[in-house]
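The lines below spell out each chain.
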Amino acid sequence: MTETVKGNDPGERGAQPEEVIRVEGLAKDFRPGFGLVRKRVLHGITFSVRRGEVFGFVGPNGAGKTTTLKVLMGLIHPQEGRATILGHDIRESAFRRHIGFLPENPYFYDYLTGREFLDFYARVSGVTKADRPARIERLLDDVGLTHAGSERLRGYSKGMLQRIGIAQAIVHDPEIVFLDEPMSGLDPIGRKEIRDLILRLNAEGKTIFMNTHILSDVEMVCHRVAILVKGRIRWVGGAADFREADGGGADVVLSRVPPDIVAAMEDAFGTGFRGQGDRIEVRVPEKRLPDLLRLSLDGGAEVVSVTPHRQSLESLFVDTVHDAEALDPTAVEESR
């Protein structure tokens, strides 16, 4: 698959930023149960993440997203391919002090308070004793939990646990933060809080790798997106790319259009021409929009509205999944 790179990402202006995550031909097999037959979960996937971007890694349940993240974190090992983070092979360990990780289902010892929890992770992450108190207080403020820092985690809501989890992932001030389903199970307010936190971290210069299936959140925060379906990368591109994937164009609503201009529009835009009462709606490709507006205004018509016609990430996602299933209709749903 050839990666699409256009617009709306940190590399849009000037030189392209360096690739801080690089995955090349990664393949992973599992043995279901106690059998000898291997099941391939990742089929030679390749993608990259650039410094300073929020990268969305999306796919349906069972696509292999969490498996990919576990490989990157060194929790499991691939059968084929290689991956690097910050220029280091993922089998190395020294670079890991520069990355943070929030798993999908983190374990919290719920008798610790928020401050005690962060102090523990700060110690194991190598933060000095002198620096820990100020850093913990700053983190609690950053994630909006200063008021709950002395409460035990067993009293935290799901959203509060997600925020304290992100705080532990960044307690050592990493360059890259890996988030596995950070919005899972949250209500709309909780999701907004996590989105705002991700955007704030990115504004501070951190690279964010976000594994999720909540597409609306991806559209709001991600610079680029990779779609994984049944263990294969099916689409990679910038946030502007999927909006243009259907060819762009616009719906133009006009009123008070003279009869001779109506006839000219029918000839020029017959397939996209619709009329109702005093209003006429015309759908045109983006490159023909100036011609339509010029014809309308020169003929004395009034332009009521111009609405860009763009594909959503959801429609691109659904089309991509359906296309992948059509290419491989006998494929068994991949395990995570």
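Residues numbered from 1 in each chain as written. Predicted model: local features only at pLDDT ≥ 70, side-chain atom pairs only at ≥ 80, totals over all residues. Heavy atoms only, no water.

What about the packing of helix α4 (residues 158-169) against helix α5 (residues 188-203)?
Link 1 in the chain: Across the interface, α4 lies against α5 with an axial gap of 10 Å and an inter-helix angle of 15°. Comparing the axis directions of α4 and α5 gives the class roughly parallel. Viewed along their axes, α4 and α5 form a crossing whose handedness is right-handed. For the pair formed by α4 and α5, the contact residues are Gln162, Arg163 and Ile166 on the first element and Glu193, Ile194, Leu197 and Leu201 on the second.
Link 2 in the chain: Looking at the contact of α4 with α5 residue by residue, the class counts come to 4 nonpolar, 1 polar and 2 charged. (Axes fitted to C-alpha atoms, helices over the stretch in contact; angles between N-to-C directions. Helix = DSSP H or I, 4+ residues; strand = E, 2+ residues; numbered from the N terminus. Parallel < 35°, antiparallel > 145°, perpendicular 65-115°, else oblique. Left-handed = near helix turned anticlockwise from the far one by under 90°. Contact = heavy atoms within 4.5 Å. Nonpolar A, V, L, I, M, F, W, Y, C, P; charged D, E, K, R; others polar.)

Considerations on helix α1 (residues 65-72)
Link 1 in the chain: Where burial is concerned, most of α1 is hidden: 7 out of the 8 residues are buried.
Link 2 in the chain: Of all the residues in α1, the buried ones are Lys65, Thr66, Thr67, Thr68, Leu69, Val71 and Leu72.
Link 3 in the chain: At the C-terminal side of α1, Gly74 shows a positive phi close to 80°. (Buried < 20%, exposed > 50% of the residue type's maximum accessible area, 1.4 Å probe, protein only.)

Side note on the sheet that holds strand β6 (residues 99-102)
Link 1 in the chain: In spatial order, the strands read β6-β7-β8-β3-β9-β10; together these 6 strands make up an open sheet with mixed pairing. Only two strands of the sheet have a single partner each, and these edge strands are β6 and β10 (232-238). Averaged over all pairs of adjacent strands, the angle between strand axes in this sheet comes to 15°, irrespective of strand direction.
Link 2 in the chain: Two elements, strand β7 (residues 176-180) and strand β8 (residues 207-212), share 5 bridges in a ladder whose sense is parallel. If you follow Asp180 over to β8, its bridge partner there is Asn211.
Link 3 in the chain: Each of β3 (54-58), β6, β7, β8 and β9 (224-229) touches α1; the most contacted strand, β8, lies at about 145° to it.
Link 4 in the chain: Packing against the sheet, α5 makes contact with β3, β7 and β8, and its axis sits at approximately 150° to β8. (Pairing = 2+ DSSP bridges.)

Regarding the environment of Ile214
Link 1 in the chain: Within the fold, Ile214 resides in the loop between β8 and α6 (215-221).
Link 2 in the chain: For Ile214, a relative accessible area of 17% translates into the label buried.
Link 3 in the chain: Once residues within four sequence positions are removed from consideration, Ile214 is found in contact with Met183, Ser184 and Arg191.

Interpretation note: all reported values are geometric properties and have no functional meaning in isolation.
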